[in-house]
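Inside the fold
Chain residues, written in single-letter form:
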Amino acid sequence: MDKATGLQELKDEMLADRSLPLTTNLVFGEGDPDGGVLFIGEAPGQMEDQLVRPFVGRSGQLLRKNIREVGWKEEEVYITNIVKRRPPDNRDPLPDEIEAYKPYLERQIEIINPRVIVPLGRFSMNYFLPEAKITRDQGKVFRSTRHLIVPMFHPAVALRNPAYMKEFQDNFKKLPKVVAQADKLLAERPLKKSSAVYKPVQKGLF
Ligand code: URA
């Protein structure tokens, strides 16, 4: 089955799943599943719910501007969230909500199978790296058997803090190099097949 069909089936399944928390529009994700890069935010906000597209409000504009500035097209990467419906009043997603949407995100990642995953913000980062701290670990490159993972500040946080904005933008500029080296790095020193744990990639490579 091709990726587009797999993703459509997954989306239909989510739409039919009455057990999922939150009742607003399902913002499934968009972009090119073959682009090799997957950005994962927290949850849709008001604008995302209205337009039924991820990252189209202020945070989204910052994300999309940085994607273009490194020479990519927005449509060439894939953008989604952990929780795919808007929590009321833009509150943080609750642990139960993250848990409920998790199996679907897992399958979405399985289908897309990106070489590089960029979690935006601590909720998304902690989904992959439960022990990581966003201020300490953003911009570092981790790997599992199948993906490199580069956590970054959530764009909303960058918008509120000029120092974080600089780090966000500097880290973004590293992404093309990470993508260019991903195949080599993932093939080079294979981790045990069973390893679900993400390990830091040698410092100084990027
Ligand atoms: N913030 C997110 O985490 N995701 C969106 O889609 C928009 C804002």
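Please refer to the structure placed before this passage.
My aim in this report is to walk through the structure given alongside it, one point at a time. (Residues numbered from 1 in each chain as written. Predicted model: local features only at pLDDT ≥ 70, side-chain atom pairs only at ≥ 80, totals over all residues. Heavy atoms only, no water.)

Attention now goes to the overall build of the chain. For the chain, the helix and strand inventory stands at eight helices and seven strands. For the chain, the C-alpha radius of gyration of 16 Å lies close to 17 Å, the compact-globule estimate for 206 residues. With respect to the principal axes defined by its C-alpha atoms, the chain has extents near 45 × 40 × 30 Å. Buried positions account for 49% of the 206 residues belonging to the chain. Here the chain displays about 10500 Å² of accessible surface, and carbon together with sulfur accounts for 51% of that area. Averaging the locations of the 33 positively and 28 negatively charged side chains of the chain gives two centres separated by 7 Å. (Helix = DSSP H or I, 4+ residues; strand = E, 2+ residues; numbered from the N terminus. Rg over C-alpha atoms; globule rule 2.2 N^0.38 Å. Buried < 20%, exposed > 50% of the residue type's maximum accessible area, 1.4 Å probe, protein only. Areas by Shrake-Rupley, 256 points an atom, 1.4 Å probe, with all protein chains shown as cover. Lys, Arg positive; Asp, Glu negative; His and termini not counted. Charge placed at Lys NZ, Arg CZ, Asp CG, Glu CD.)

What follows deals with the packing of helix α3 (residues 58–69) against helix α8 (residues 162–188). Interhelical geometry of α3 versus α8 gives an angle of 35 degrees and a closest axis separation of 10 Å. Considering how the two elements wind past one another, α3 and α8 form a crossing that is right-handed. For the pair α3 and α8, contact is made by Leu-62, Leu-63, Lys-65, Asn-66 and Ile-67 and by Met-165, Phe-168, Gln-169 and Phe-172, respectively. (Axes fitted to C-alpha atoms, helices over the stretch in contact; angles between N-to-C directions. Left-handed = near helix turned anticlockwise from the far one by under 90°. Contact = heavy atoms within 4.5 Å.)

Further remarks concern the packing of aromatic side chains. In the structure shown here, the tally under the stated rule is four aromatic pairs. A ring pair is formed by Phe-39 and Phe-172, whose centres lie 5.7 Å apart and whose planes are at 10 degrees; its orientation type is stacked. Note that Phe-39 is positioned in strand β2 (residues 37–41) and Phe-172 in helix α8, a separation of 133 residues in sequence. The residues Phe-39 and Phe-172 share a single accessibility class, namely buried. For the pair Phe-153 and Tyr-164, a centre-to-centre distance of 4.1 Å together with 20 degrees between the ring planes defines the contact as stacked. Remark: Tyr-164 occurs in helix α8 and Phe-153 occurs in the loop between β6 (148–149) and α7 (155–160); sequence separation between them is eleven residues. Among the residues examined, Phe-153 registers a relative accessible area of 3% and is labelled buried. Relative accessible area serves as the criterion here: at 24%, Tyr-164 is assigned to the partly exposed category. (Phe/Tyr/Trp six-rings, centres within 6.5 Å; stacked < 30°, edge-to-face > 60°.)

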